[in-house]
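Residue-level structure breakdown
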Amino acid sequence: MKNNLNKRIYVAGHRGLVGSAIVRALRKRDYSTILTRSHAELDLKDQAAVRAFFAENQVDEVYLAAAKVGGIHANNSYPAEFIYDNLMVQSNVIHEAWRAGVKKLLFLGSSCIYPRLAEQPIREEYLMNGALEPTNEPYAIAKIAGIKMCESYNRQYGTDFRSVMPTNLYGPGDNYHPENSHVIPALIRRFHEARKAGADKVVIWGTGTPRREFLHVDDMADACVHVMELERPTYEQHTSPMLSHINVGTGEDVTIREVAEIIRDAVGFKGEIEYDTSRPDGTPRKLMNTGKLSALGWQPSIRLTDGIRGTYESFKSEVDA
């Protein structure tokens, strides 16, 4: 069945890394009515405001990309904010979308929902089969609740609320805060500033040995729209009512040391890389099994070296603006 390009699509979190990429992906496919609201225009933690928004806008589909996100330091520093803000935002959007009769919703989670020592590569059914990584447990708990909320509304009310679990994302529009950002944007900034300052080394937290999978955000957005455009029977053929989420990744991982060297080369930093082994590594390895998504007809297209090079060019345009 051909998609209705005039449907009214609300992208929650359109200014963030993922939300902005989803807007780009929708526009690329010629969807004509994309609704967005800034935080100043709509506080998603305010249930009455969210209810009013849905009542006024006759939304057909929702991409729920709004979330409080950050790296190890941010998660350790603000655990209460990470669990409260995310629970409130997703609960309000999911519940009010159902109340307003929204036909379809996509909830975006995170690979940190899986057990810290999950067997690799991580399959969807490993959810809740072991202890979480302590450094981001509050965030992970909130994201697990979001998946289960979507499943519960599907079971009780017959909604078509889907969930995707992306691996580590990077790309244009990322958060480059020196302490609160994820590994790729943090290292891009650190190497850039070291090169400009003529420094002889860059210090990186941990041992450099943990393995991570990285997906360009434009690939992630493409996968999100692909999943939303699937006919419901096709989606449900590859999921189950209480195991409905789908992993999104590349199926390949690299060490932190390897990604640091890719970033060093992209930035043009000529100094050394030093590892501060007194700092935490986080989860030893996180690689997603993406078999379900592959079976549904989607594959990534952006290589890590190319994606990092393009992301650095975007970062330079932001800091030089």
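Described below are features of the structure shown in this document.

**Let's talk about the sheet that holds strand 8 (residues 211-212)**
If you trace the three strands from one edge of the open sheet to the other, you get 11-8-13, paired in mixed fashion. Every interior strand has two partners, whereas the edge strands, strand 11 (254-255) and strand 13 (285-286), have only one. Of the strand pairs in this sheet, strand 8 and strand 13 are connected by two bridges, and their pairing is parallel. Within the sheet, the bridge partner assigned to Arg212 lies in strand 13 and is Lys286.

**Focus on the state of the cysteines**
As enumerated under the stated definition, the model contains zero disulfides in all. A disulfide-free cysteine, Cys112 has its sulfur positioned 16 Å from the sulfur of Cys224, the nearest such atom. Given the relative accessible area of 5%, Cys112 is considered buried. Sulfur of Cys224: no disulfide; nearest cysteine sulfur belongs to Cys150 and is 13 Å away.

**Focus: the sheet that holds strand 5 (residues 160-166)**
By way of backbone hydrogen bonds, the strands of a sheet pair with one another, either parallel or antiparallel. The parallel open sheet is built from six strands, whose spatial order is 2-1-3-4-5-10. The open sheet has two free edges, formed respectively by strand 2 (33-35) and strand 10 (245-248), since each of these has just one partner strand. Along the sheet, successive strands turn relative to each other by an average axial angle of 20°, direction set aside. Across four bridges, the pairing between strand 5 and strand 10 is parallel. When the bridges of strand 10 are listed, Met165 appears paired with Asn247. Where helix 5 (residues 137-157) meets the sheet, its contacts fall on strand 4 (104-108), strand 5 and strand 10, and the angle it forms with strand 5 comes to roughly 155°.

**Considerations on the packing of aromatic side chains**
A ring pair, where both rings are aromatic, is described by two values, the distance of the centres and the angle of the planes. For the coordinates displayed, the defined rule picks out ten aromatic pairs. Between Tyr10 and Phe54, the ring centres sit 6.0 Å apart and the planes meet at 85°, which makes this aromatic pair edge-to-face. With Tyr10 in strand 1 (residues 8-12) and Phe54 in helix 2 (residues 47-57), this pair connects stretches of sequence that are 44 residues apart. When the centroid spacing of 5.3 Å and the interplanar angle of 65° are considered together, the rings of Tyr153 and Tyr157 count as edge-to-face. In this pair, Tyr153 and Tyr157 are both assigned in helix 5, four residues apart and thus about one turn of the helix distant. Tyr157 gets classed as partly exposed once you look at its relative accessible area, which sits at 37%.

About the cut-offs
- Every residue gets a number counted from 1 within its own chain, in the order that chain's sequence is written.
- Confidence filtering applies because this is a predicted model: local features only for residues at pLDDT of at least 70, side-chain atom pairs given and counted only at 80 or more, and all residues used for totals across whole chains, interfaces and linings.
- Excluding hydrogens and water, the side-chain figures rest on all heavy atoms present in the structure.
- Strand pairing is assigned whenever DSSP identifies at least 2 bridges connecting the two strands.
- Here a strand is any run of E in DSSP of at least two residues, a helix any run of H or I of at least four, and the numbering for each starts at the N terminus.
- Criterion for a disulfide: a pair of cysteine sulfur atoms within 2.5 Å.
- Note on classification: 1.4 Å probe, protein chains only; a residue is buried when its accessible area is under 20% of the maximum for its type, exposed when over 50%, partly exposed between these limits.
- To get an axis, fit a line to the C-alpha atoms, keeping to the stretch in contact for a helix; angles then go from 0 to 180 degrees between the N-to-C directions.
- Residue contacts are counted whenever heavy atoms from the two residues lie within 4.5 Å of one another.
- Classification of ring pairs rests on two measures: the distance between centres of Phe, Tyr or Trp rings, Trp counted by its six-membered ring, which must be within 6.5 Å, and the angle between planes, read as stacked under 30 degrees, edge-to-face over 60 and tilted in between.

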